[in-house]
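Summary of structural features
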Amino acid sequence: TRARINLGLVRFRQGRLEDAVVEYRRALERRPDSAIARSNLGLALMRLGRRDEAVVEFRRAIGLRLDDVDTLLSAASLVATTRSFDAAVVGEAVD
C-alpha cells in the first residue's frame, strides 16, 4: 500500500494526474482506511477538475483523521475556489 501511495505521489509530481489517481485507488483497494491515500486522491482529483469526486475523498479522509491539517486546508481551498458544493461539507465532517 505504501508503495502505491509513493508511486502515486511520483506520478502526481510528474503531472501524470490520471496515473496518480489509479495508484491511489489501488492503494485504497488494499487499505480503504488510509487517510493519506484518500487525501492524496482528493488532491489529484481536484487538480483534474473533478471537484465532486475530490469532495468525497476529502470528506472520507477527514472522517478518518480529524487532525489532518493538510486535508482540512485542501478541502477549505476547494470551498474557497469553487461554488460547486456547500461549504458545510467540512463542518459536517468535523462536527
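Nothing here was measured: the structure is a model prediction, and the numbers come from that model.

A closer look at the packing of helix 1 (residues 2–13) against helix 2 (residues 17–30)
For the pair helix 1 and helix 2, interaxial distance at closest approach is 8 Å and the crossing angle is 170 degrees. One element, helix 1, and the other, helix 2, form an angle in the roughly antiparallel class. Two secondary-structure elements touch here, helix 1 through Arg4, Ile5, Leu7, Gly8, Leu9, Arg11 and Phe12 and helix 2 through Leu17, Asp19, Ala20, Glu23, Tyr24, Arg26 and Ala27. Split by residue class, the contact of helix 1 with helix 2 holds eight nonpolar, one polar and five charged.

Concerning the environment of isoleucine 36
Relative to the helices and strands, isoleucine 36 is located in helix 3 (residues 35–47). Expressed as a C-alpha distance, the spacing of isoleucine 36 and aspartate 70, which sit 34 residues apart in the sequence, is 10.0 Å. Apart from the residues lying within four places of it in its own chain, the contact partners of isoleucine 36 are Arg2 and Ile5.

Observations concerning helix 3
In this model, helix 3 (13 residues) spans 18 Å end to end at C-alpha, consistent with the 18 Å of a helix rising 1.5 Å per residue. Restricting attention to buried positions, one finds in helix 3 the residues Ala35, Ala37, Arg38, Ser39, Asn40, Leu41, Gly42, Ala44 and Leu45. Positive backbone phi, at 85 degrees, marks glycine 49, one or two positions downstream of helix 3.

Parameters at a glance
Residues numbered from 1 in each chain as written. Predicted model: local features only at pLDDT ≥ 70, side-chain atom pairs only at ≥ 80, totals over all residues. Heavy atoms only, no water. Axes fitted to C-alpha atoms, helices over the stretch in contact; angles between N-to-C directions. Helix = DSSP H or I, 4+ residues; strand = E, 2+ residues; numbered from the N terminus. Parallel < 35°, antiparallel > 145°, perpendicular 65-115°, else oblique. Contact = heavy atoms within 4.5 Å. Nonpolar A, V, L, I, M, F, W, Y, C, P; charged D, E, K, R; others polar. Expected span 1.5 Å × (residues − 1). Buried < 20%, exposed > 50% of the residue type's maximum accessible area, 1.4 Å probe, protein only.

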